[in-house]
Amino acid sequence: MNPKVNVIKTTSENPDFVLLIQTFDAYLWDRYPRLKKDYWGNNLIEFNTNVFIVYLDEKAVACGCFKKYNKESAELKRMFVLPEARGLGMAQLVIKELEAEAKNQGFEVLILETLYKQTEAINFYQKTGFRIIDNYGPYVGLADSVCMSKSII
């Protein structure tokens, strides 16, 4: 039997999104305890209407959102896939929805930040057309950060 996959657009107040983000934060702080003081403020999500969640057999397994960075750029935030759903194309579904929505809202570029140890994430983003750029905004001077961008026009 094939699993049922559903993607929804929602807000940052969605309880499934909140739970996925809590799981994501626990993973990050367990993997990078020394970085918590430098990055905690960058991971807080203000109210956001550009949130996508992927459900696999009615269980929330992946998420991501974006926010306006400047007139032409949207910043991807909180991309996460539960470990048991990795390798099933869930991240590709999230990225596809985020790109389409950002383009629909008039953005031309997507930017993001990840950590240098997140080699799986870096590889994924590169496979989906992102390239490494100089660190931007709050990540300037943070050696553990890897910033990336992708044109979506």
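Before going into details, it helps to say that this report is about the structure given with it. No experiment lies behind these values; they were computed from the predicted model shown. (Residues numbered from 1 in each chain as written. Predicted model: local features only at pLDDT ≥ 70, side-chain atom pairs only at ≥ 80, totals over all residues. Heavy atoms only, no water.)

For the structure shown, the criterion picks out five salt bridges. Salt-bridge contacts for K59 lead to E84; the nearest nitrogen and oxygen are separated by 2.8 Å. Separated by 25 residues along the polypeptide, K59 in strand β3 (residues 59–68) and E84 in the loop between β4 (73–81) and α3 (90–104) bring together distant segments of the chain. K59 gets classed as partly exposed once you look at its relative accessible area, which sits at 43%. Linking E99 and K150 is a salt bridge whose minimum nitrogen-to-oxygen distance equals 2.6 Å. You can see E99 sitting in helix α3 and its partner K150 sitting in strand β7 (residues 145–151), a full 51 residues away along the chain. Take E99 and K150: they sit in the same class, and that class is buried. (Salt bridge = Lys/Arg side-chain N within 4 Å of Asp/Glu carboxyl O. Helix = DSSP H or I, 4+ residues; strand = E, 2+ residues; numbered from the N terminus. Buried < 20%, exposed > 50% of the residue type's maximum accessible area, 1.4 Å probe, protein only.)

Turning our attention to the sheet that holds strand β1 (residues 5–10). Taken in spatial order, the seven strands line up as β1-β2-β3-β4-β5-β7-β6 in an open sheet, and their pairing is mixed. Looking at which strands have only one partner, the edges of the open sheet turn out to be β1 and β6 (131–133). For this sheet the average axis-to-axis angle between neighbouring strands, irrespective of direction, equals 30°. Running over the sheet, α3 touches β1, β2 (51–56), β3, β4, β5 (109–115) and β7 and is turned about 30° from β3. (Pairing = 2+ DSSP bridges. Axes fitted to C-alpha atoms, helices over the stretch in contact; angles between N-to-C directions. Contact = heavy atoms within 4.5 Å.)

Below, the discussion takes up unusual backbone geometry. One non-glycine residue, E58, adopts positive backbone phi at about 70°. Among the secondary structure elements, E58 is positioned in the loop between β2 and β3. Under the relative-accessibility criterion, E58 is labelled exposed at 68%. The phi dihedral of R78 falls on the positive side, at around 55°, and the residue is not glycine. Counting through the fold element by element, R78 comes out in strand β4. The class of R78 is buried, set by a relative accessible area of 5%.

This next bit is on the packing of aromatic side chains. One pair of aromatic rings is described through two measures. These are the centre distance and the angle between the planes. Scanning the model with the defined rule gives six aromatic pairs in all. With a centroid separation of 4.8 Å and 25° between ring planes, the pair formed by F24 and F80 is classed as stacked. One end of the pair, F24, is in helix α1 (residues 15–31); the other, F80, is in strand β4, and 56 residues separate them in sequence. Given the relative accessible area of 4%, F80 is considered buried. On the basis of an interplanar angle of 80° and a centroid distance of 5.5 Å, the ring pair of Y136 and Y139 is categorised as edge-to-face. Three or more aromatic residues joined by ring pairs make a cluster, and in this case those are Y69, Y136 and Y139. (Phe/Tyr/Trp six-rings, centres within 6.5 Å; stacked < 30°, edge-to-face > 60°.)

A word on the nonpolar core. Judged by nonpolar contacts, the single largest core of 43 residues is most densely connected at I53, V61, L76, M79, M90, Y125 and F130. Breaking this core down by element, the ones donating at least two residues are α1, β2, β3, β4, α3, β5, α4 (119–127) and β7. In contact with F130, not counting residues within four places along its chain, are L76, I95, E99, L110, L112, Y125, M148, S149 and K150. (Core = buried A, V, L, I, M, F, W, Y, C linked by side-chain atoms within 4.5 Å.)

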